[in-house]
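Descriptive analysis of the structure
Listed below, chain by chain, are the residues.
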Amino acid sequence: MKNYNYKKIRQKVKKLVKDACYSAHNHFSYTDWPYHILPVVDHSLYLGRKLKADLEVLELAAYLHDYAGILDYRLYKKHHLHGARLAGKILAELGFSKEKIKKVQECIISHRGSIRLEHKSKEARILASADAMSHITEFFDMCYLTFNIHKYETLEGAKWLKAKLERSWRKTMPAGKKLIEADYEQGLKIINKAILRKL
Ligand SMILES: [Fe+2]
Ligand SMILES: [Fe+2]
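Residues numbered from 1 in each chain as written. Chains lettered and ligands numbered in written order. Predicted model: local features only at pLDDT ≥ 70, side-chain atom pairs only at ≥ 80, totals over all residues. Heavy atoms only, no water.

Turning our attention to unusual backbone geometry. Generally, phi is negative for residues other than glycine and the peptide bonds are trans, each holding for most cases. Even without being glycine, Lys52 reaches a positive phi, approximately 55 degrees. On the secondary structure map, Lys52 appears in the loop between helix H2 (32-50) and helix H3 (55-64). A relative accessible area of 69% places Lys52 in the exposed class. Positive phi values are uncommon outside glycine, yet Lys151 reaches one of about 60 degrees. By the element assignment, Lys151 lies in the loop between helix H8 (139-149) and helix H9 (154-171). Residue Lys151 is classed as exposed on the basis of its relative accessible area of 59%. (Helix = DSSP H or I, 4+ residues; strand = E, 2+ residues; numbered from the N terminus. Buried < 20%, exposed > 50% of the residue type's maximum accessible area, 1.4 Å probe, protein only.)

For the structure shown, the criterion picks out 0 disulfides. Between Cys21, a free cysteine, and Cys107, which holds the nearest cysteine sulfur, the sulfur-to-sulfur gap is 19 Å. (Disulfide = S-S within 2.5 Å.)

A word on the nonpolar core. One finds Val13, Val17, Leu64, Leu91, Phe96 and Val104 to be the most contacted residues of the largest nonpolar core, which totals 35 residues. Residue assignment for this core shows that the elements contributing at least two residues are helix H1 (6-22), H2, H3, helix H4 (67-71), helix H5 (79-93), helix H6 (98-109) and helix H7 (122-137). If sequence neighbours within four positions are ignored, Val13 has contacts with Leu60, Tyr63, Leu64, Ile90, Leu91 and Leu94. (Core = buried A, V, L, I, M, F, W, Y, C linked by side-chain atoms within 4.5 Å. Contact = heavy atoms within 4.5 Å.)

The subject of this paragraph is the coordination of the iron ion (ligand 1). Those donors, Asp66 (OD), His79 (NE2) and His111 (NE2), are the protein atoms that reach the iron ion (ligand 1), and they lie 2.0 to 2.2 Å from it. Each donor residue of the iron ion (ligand 1) lies on one chain, and together they are spaced D-x12-H-x31-H. Here the iron ion (ligand 1) and the iron ion (ligand 2) are spaced 3.6 Å apart, and both take Asp66 as a donor. Of this pair, His79 sits in helix H5 while His111 sits in the loop between H6 and H7, and the two are 32 residues apart along the sequence. Residue His79 shares its accessibility class with His111, and that shared class is buried. (Donors = N, O, S within 2.8 Å, 3.2 Å for Na, K, Ca; no water.)

The next thing to look at is the packing of H6 against H7. In the contact formed by H6 and H7, the axes pass within 8 Å of each other and the chain directions differ by 40 degrees. Taken together, H6 and H7 sit at an angle that is classed as oblique. Where H6 crosses over H7, the handedness of that crossing is right-handed. Contacts between H6 and H7 pair Lys103, Glu106, Cys107 and Ile108 from the former with Glu123, Ala124 and Leu127 from the latter. Of the residues assigned to the contact of H6 with H7, the class counts are 4 nonpolar, no polar and 3 charged. (Axes fitted to C-alpha atoms, helices over the stretch in contact; angles between N-to-C directions. Parallel < 35°, antiparallel > 145°, perpendicular 65-115°, else oblique. Left-handed = near helix turned anticlockwise from the far one by under 90°. Nonpolar A, V, L, I, M, F, W, Y, C, P; charged D, E, K, R; others polar.)

Let us now look at a nonpolar patch on the surface. A surface patch of nonpolar side chains, amounting to about 280 Å² of accessible area, comprises Phe28, Tyr73 and Tyr76. Topologically, Tyr76 is positioned in the loop between H4 and H5. (Patch = residues over 30% accessible without salt bridge, like charges linked within 9 Å, V, L, I, M, F, W, Y side chains within 5 Å. Areas by Shrake-Rupley, 256 points an atom, 1.4 Å probe, with all protein chains shown as cover. Salt bridge = Lys/Arg side-chain N within 4 Å of Asp/Glu carboxyl O.)

What follows deals with the layout of surface pockets. Counted as a void, the largest pocket has a volume near 1,100 Å³. Taken together, 42 residues line the largest pocket, and the ones lying closest to its centre are His36, Tyr76, His135, Leu145 and Lys164. Contributing elements (two or more residues each) for the lining of the largest pocket: H2, H4, H7, H8 and H9. In terms of residue count, H7 provides more of the lining of the largest pocket than any other element does, 7 residues in total. Grouping the constituent residues of the lining of the largest pocket by class yields 15 nonpolar, 16 polar and 11 charged. (1 Å grid on protein atoms, 1.4 Å probe; cavity = no way out; pocket = protein on both sides within 12 Å on 5 of 7 lines; lining within 4 Å. Points joined across faces, edges and corners; volume = space filled by probe spheres on them.)

As structure tokens, this is what we get:
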């Protein structure tokens, strides 16, 4: 018998992260919520079911993985570490299992593709993969990042985005690649058209 109410914990965590995404203090954009956090949750749960992982750990880690950077941009550089710290505090206050909190923290610490840290569990590997997969499935949001946030012009942006998608593809585990293969090919097709255009 569990001594915590998972549905209630999930509801509270979801609201906390959603509110942070839509807050005026979010340095990024509210689009983090529909085009990043929610797809990462979906991909994590999809892979978690396929690979028989702990879905509670995965779901909470997926909601909270970027929370620190969304909450306070000053924490962004080390948002994997601050995120794990904040998740520990939040989940302990909500009465989640101590053992599972540790697993959530491990997932958050190693989620970043740009900072190569050992994945200590199946759940940690899945979260890092789901994070990368969202860059491929949310192609339009990646265009926003490329051309609006980074301000690349067309050709430079196309090259940058292609490299980003290829990196994300390499970080995706085989079971995830199957799910997003069509999106990946479509994205590359659009990008290659811009790159191969005669100047
Ligand atoms: Fe992140
Ligand atoms: Fe992320």
